[in-house]
Amino acid sequence: MNKGQMNVQNLTVQMKDKVILKDISFAVEAGETIAILGPSGSGKSTLIRTLAGLQKKTDGDILVNGQSTNEKELLKIGTLLFQNFNLFKNLKVLENVASPAWLSGQLKKEEALERASDLLDYFHLSGQKSVFPAALSGGQQQRVAIARAIMSDAPILFFDEPTSALDRENWENLLNYLSESPALKERTKVFVTHEVEFAKRVANRSITIQDGRIVKDEKQG
Ligand SMILES: Nc1ncnc2c1ncn2[C@@H]1O[C@H](COP(=O)(O)OP(=O)(O)O)[C@@H](O)[C@H]1O
Ligand SMILES: [Mg+2]
C-alpha cells in the first residue's frame, strides 16, 4: 500500500471510566497535510496515538483507503514522531535514524546509513552522528526523532508536537524540508501542534479539539 486516505468515523476512546475522545469524525485525503490544534490536555496525543495504532479505540472506525483497520494494521500504515521523542538510548544518533529502515527491510543497511546521514546533515546534526542521545540537547533530540520519522516510507506520517523544542532557525528549516522534499509530497501528514503559526504554515486545513471533541474543522489560506 502506498496511499493513505484516512476516514475517522465516530471515534471514541475511553481509559478506565474517563472518556478522552468523544465521537471524533473527519477524513484526510491521500497526500493531504492537516494540523490538529487544541489546548494541553484536550486529547491531541491520544488521537494521534490511536490513529497510529498505539492506543486502543473504544468505539468507532478508522478506515484507510476505504478499509476498516485494527491497531496492528494501523501500526504498519503509519509512523509516529512521539511527543517525548522515544529515541533508542543505547544506539548512536546515526543508528537511531537508520536502523528502523534496515531492520524492517525497507532499505539495505548501507542505503539506510547513507540516507540517515544526509537527513542528519539537513537537520544540522552533522557533528552529532556518533554520539548517544543522552549527550544531546532537547532540540537536537527532537531533530533526530524527526529525521527518524522522515526515514520511514509509511503512507501516513504522524507528528506529535514536532516543534516543541526547536529554535527559530530549526523551525524554519523543518518547514522548508516539509514543503520541498519530493519523498514526502505524495504522503499523508498529520501534525499535532499547539502552535497556530506552525499549523498555518504547514497545513491548509486544521482541526481543533477541545475536551476530546472536534470544535472546528476549517480550511486555512
Ligand atoms: N494513559 C492514560 N490514562 C488515563 N488518562 C490519560 C492517559 N493518557 C492521557 N490521559 C488523559 O487524557 C487527556 C488528554 O491527554 P492527551 O491526549 O495527552 O492531551 P494533549 O496531547 O492534547 O495534551 C488528559 O486529561 C490526560 O490526563
Ligand atoms: Mg500531547
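Overview of the structure.

What counts, and where the lines are drawn
- Residues numbered from 1 in each chain as written.
- Chains lettered and ligands numbered in written order.
- Predicted model: local features only at pLDDT ≥ 70, side-chain atom pairs only at ≥ 80, totals over all residues.
- Heavy atoms only, no water.
- Near = heavy atom within 4 Å.
- Polar contact = N/O pair within 3.5 Å; in protein donor to acceptor, adjacent residues only side chain to side chain.
- Areas by Shrake-Rupley, 256 points an atom, 1.4 Å probe, with all protein chains shown as cover.
- Helix = DSSP H or I, 4+ residues; strand = E, 2+ residues; numbered from the N terminus.
- Nonpolar A, V, L, I, M, F, W, Y, C, P; charged D, E, K, R; others polar.
- Pairing = 2+ DSSP bridges.
- Donors = N, O, S within 2.8 Å, 3.2 Å for Na, K, Ca; no water.
- Buried < 20%, exposed > 50% of the residue type's maximum accessible area, 1.4 Å probe, protein only.
- Contact = heavy atoms within 4.5 Å.
- Phe/Tyr/Trp six-rings, centres within 6.5 Å; stacked < 30°, edge-to-face > 60°.
- Lys NZ or Arg CZ within 6 Å of the ring centre and 35° of its normal.

Brief notes about the site of ligand 1
In the region of ligand 1, the neighbouring residues are M15, K18, I20, P39, S40, G41, S42, G43, K44, S45 and T46. Note that an oxygen atom of ligand 1 is positioned 2.9 Å from one of the backbone N or O atoms of S45. Isolated, ligand 1 exposes 560 Å² of accessible area, and the fraction of that covered by the protein chains is 58%. Mapped by element, the contributors of at least two residues to the shell around ligand 1 are strand 2 (18-28) and helix 1 (44-51). Considering each element in turn, the shell around ligand 1 owes the most residues, three residues, to helix 1. Among the residues forming the shell around ligand 1, the class breakdown is three nonpolar, six polar and two charged.

Concerning the sheet that holds strand 2
One open sheet accounts for four strands, arranged 2-1-4-5; its pairing is antiparallel. Looking at strand neighbours, the two that pair on one side only are strand 2 and strand 5 (67-68), the edges of this open sheet. Where strand 1 (residues 6-15) lies against strand 2, seven bridges are found, and the strand directions are antiparallel. By the bridge assignment, M15 is partnered in strand 2 with K18.

A closer look at the coordination of the magnesium ion (ligand 2)
The magnesium ion (ligand 2) binds to the protein through S45 (OG) and Q83 (OE1), with metal-donor distances spanning 2.1 to 2.4 Å. Here the residue S45 occupies a position in helix 1, and Q83 occupies one in the loop between strand 6 (78-81) and helix 3 (93-103), the gap between them amounting to 38 residues.

As for the pairing of strand 7 (residues 156-160)
Among the five residues in strand 7, five count as buried, and that is most of the element. Going residue by residue along strand 7, you find I156, F158 and D160 tucked away on one face and L157 and F159 tucked away on the opposite face as well. Bridge count between strand 6 and strand 7: four bridges; the pairing is parallel. When the bridges of strand 7 are listed, L81 appears paired with F159. As paired elements, strand 7 and strand 8 (residues 188-192) share five bridges and run parallel to each other. Paired with F159 across the two strands is F191, which belongs to strand 8.

Observations regarding the environment of N7
With respect to the helices and strands, N7 occurs in strand 1. The class of N7 is partly exposed, set by a relative accessible area of 23%. With residues up to four places along the chain from it excluded, the contact list for N7 reads F26, A27, D61, I62 and L63.

Thoughts on the packing of aromatic side chains
Tallying each qualifying case throughout the model produces six aromatic pairs. Between Y122 and F123, the ring centres sit 5.3 Å apart and the planes meet at 70 degrees, which makes this aromatic pair edge-to-face. Using a relative accessible area of 1% as the deciding quantity, one classes F123 as buried. Each ring, one from F191 and one from F198, has its centre 5.7 Å from the other, and the planes form 70 degrees; the classification is edge-to-face. On the basis of relative accessibility, which here comes to 1%, the residue F191 falls in the buried class. Taken together, F159, W171, F191 and F198 form an aromatic cluster joined through their ring pairs. Its end group placed over the ring of F88, R148 keeps NZ or CZ at 4.7 Å from the ring centre. When the ring centre of W171 is taken as reference, the NZ or CZ atom of R168 above it lies at 4.1 Å.

Notes on the side chain of N96
Mapped onto the fold, N96 is located in helix 3. Residue N96 is classed as buried on the basis of its relative accessible area of 0%. Side-chain polar atoms of N96 contact the backbone oxygen of L91, separated by 2.8 Å. Within the local environment of N96, its side chain forms a polar contact with the side chain of R148, the two groups lying 3.4 Å apart. Those residues within four positions of N96 in sequence are excluded, and the remaining contacts are L87, F88, L91, P133, V144 and R148.

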